[in-house]
Amino acid sequence: MGDYTADAIAPSMWSNFMRDSYHSRRPPVTGSVDVKKVEEAAREKLKNRLDAFNYVFGNAGTHETFHANRKELNKWKVIPRQLRDVTYRSIETTIFGVKYSSPLFLAPIGVHGIVHPDGELATAAAARELGVPMILSTVSSRSIEAVAEANGSGPRWFQLYWPLVPEMTLSLMKRAKNNGYSALVVTVDTMSLGWRPHDIDTAYLPFYHAVGAQIALTDPEFMQRYGLEPYAHDDVPEFPYDPAKFDELVQKGDKKALELLRLGDEWMGQLAEGVYRTWDELAFIRKNWDGPLVLKGILSVEDAELAIDAGMDGIIVSNHGGRQIDGAIPCIWALEKICQSPKVKAAQRSGRFTILTDSGIRTGTDIFRAIAIGAQGVLLGRSYIYGLAIGGQVGVETVVKSILAEFEITLGLCGYKSVSEIWGRAGEVMVKID
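Please read all numbers here as calculations on a predicted model, not as lab measurements.

Help me understand the side chain of D358 in this model?
With respect to the helices and strands, the residue D358 is situated in the loop between β10 (354-357) and α17 (364-373). Owing to a relative accessible area of 7%, D358 belongs among the buried residues under this scheme. Among the polar contacts made by the side chain of D358, one reaches the side chain of S318 at a distance of 2.7 Å. Leaving out residues up to four positions away in the same chain, D358 has contacts with K296, I316, V317, S318, N319, C331 and L379.

In this structure, what is going on with the confidence of the model for the chain? I would like to understand it.
Reading predicted coordinates in detail is not appropriate for stretches of low pLDDT. With 97% of its residues at a pLDDT of at least 70, the chain reaches an overall mean of 96. Taken element by element, the chain is modelled with least confidence in helix α1 (residues 16-24), mean pLDDT 95, and with most confidence in strand β5 (residues 134-136), mean pLDDT 99. Across residues 1-11, confidence stays below pLDDT 50; counting only partners more than four residues off in sequence or on other chains, it has 13 contacts.

Looking at this model, I keep getting lost on helix α16 (residues 342-349). Mind explaining?
Every α-helical turn comprises 3.6 residues, leaving residues that sit three or four positions apart pointing alike. Three or more residues of α16 are buried, namely V344, A347 and Q348. Taken around the axis of α16, the buried residues stretch over an arc of 100 degrees, which confines them to a single face. In this structure, the buried side of α16 is in contact with α14 (301-309), α15 (331-339) and β10.

What is the right way to read the packing of aromatic side chains from this model?
The relative placement of two aromatic rings is captured by the distance of their centres and the angle of their planes. Throughout the structure, instances matching the rule amount to 11 aromatic pairs. Residues F53 and F57 carry aromatic rings whose centres are separated by 5.6 Å and whose planes lie at 15 degrees to one another, so their mutual orientation is stacked. Taken together, the residues span about one helical turn, with F53 and F57 both in helix α3 (residues 50-57) at a distance of four residues. One cation-aromatic arrangement involves R156 over Y181; the distance from NZ or CZ to the ring centre is 5.4 Å.

Teacher, can you tell me more about the nonpolar core here?
As a rule of thumb, nonpolar side chains are buried together in soluble globular proteins. Counting 118 residues, the largest nonpolar core has F158 and I315 as its most contacted members. Top element by residues in this core is helix α18 (residues 382-413). It accounts for 13 residues. Leave out the neighbours within four places in its chain, and F158 touches I135, L136, S137, T138, I144, L172, A176, Y181, A183, L184, V185 and I215.

Is there a simple way to explain the environment of F353 in this structure?
Along the chain, F353 falls in the loop between α16 and β10. As a C-alpha pair, F353 and E120 span 233 residues in sequence and 29 Å in three-dimensional space. If sequence neighbours within four positions are ignored, F353 has contacts with A304, A307, I308, M312, D313, G314, I315, V344, A347, Q348 and Q376.

What counts as what
Residues numbered from 1 in each chain as written. Predicted model: local features only at pLDDT ≥ 70, side-chain atom pairs only at ≥ 80, totals over all residues. Heavy atoms only, no water. Helix = DSSP H or I, 4+ residues; strand = E, 2+ residues; numbered from the N terminus. Buried < 20%, exposed > 50% of the residue type's maximum accessible area, 1.4 Å probe, protein only. Polar contact = N/O pair within 3.5 Å; in protein donor to acceptor, adjacent residues only side chain to side chain. Contact = heavy atoms within 4.5 Å. pLDDT = per-residue confidence, 0-100. Arc of directions from axis to C-beta. Phe/Tyr/Trp six-rings, centres within 6.5 Å; stacked < 30°, edge-to-face > 60°. Lys NZ or Arg CZ within 6 Å of the ring centre and 35° of its normal. Core = buried A, V, L, I, M, F, W, Y, C linked by side-chain atoms within 4.5 Å.

What follows is the structure, encoded as structure tokens:
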């Protein structure tokens, strides 16, 4: 074993974020790296638009599923191993043949423009700087093309809320493919919106005002159906979004507001009007998408196995962060059961099937837990949106650096130097304490 100095540690190690923070003598842009404090800072930043904050923060029903996600994650305790040479660590991982800087993805979350004036462009730029894949939501406040430009050479996937009209689906997929989105994520747990009291109580859903409909407004196939030309990519919603102000414009007969009201309503009718797709319909997507195809919202072992039969390349085990069904099974519990399926395990080990997960992920230890149970990648959701609200691009970067620094530090303190050393080894590297 050689001599080590601080400067000899690989500069790409995420844990340098902690060292650099101490050296700088400055607090992070988000005010804290404590996830709860970051959430509270975002609430304070948006105090004049609490409807926007609550849209991000809110859950289905009584928040039961949201809390169950955290409770189940906390049952898994890591087992540190000592006196191992893990000075040099890498958390790089390879998914669908692409090497990424970490197993972390930015989850598809809609309408970033309600929390920050730069919206998804700031998130895309942060993802580019860090080499972390961004999954763009269909209900974004910026267009597919604009986000791709902001993301530059960064890795990116596209999440599809499946339009009812096949030609619209094909148009969105074509635009995504032409703009460098390498994988398609089809969300299957949101054929209709869940019961979300936070939003119902304030009648807050920006999409009906076409805020979060920029992908539709810039889509030739969607717009030609209404005799309109696609909007310019820089024609974006006003910040902050004020639904009462929009309502007032509508009442005054404002032509642009009336047009947006109509288009927003039509777009929602395409995406979430309660038309439930079936397994056999996936053949259409599979036939027309040349690249990795992933289903998001799988919780059942049987559904995971059906995804293999349907020719899917992977799944995201997810309960939508607790936003769709109150009383659903915890996501990490579902991940555990799915990864125990002999059929799933064989497909995963052979490289034919990839498993990612989200819902409840807040810390570096959570990433450790999910990977040890069997996930090959982990999606981060609300936390980076809170960072966006507080500090734009730099706020997102700070949140991502924080969770990855903690993950890498936890990995080392537990005696491991790579993701592969813990993947699927939950029974060896952790214990579950009920």
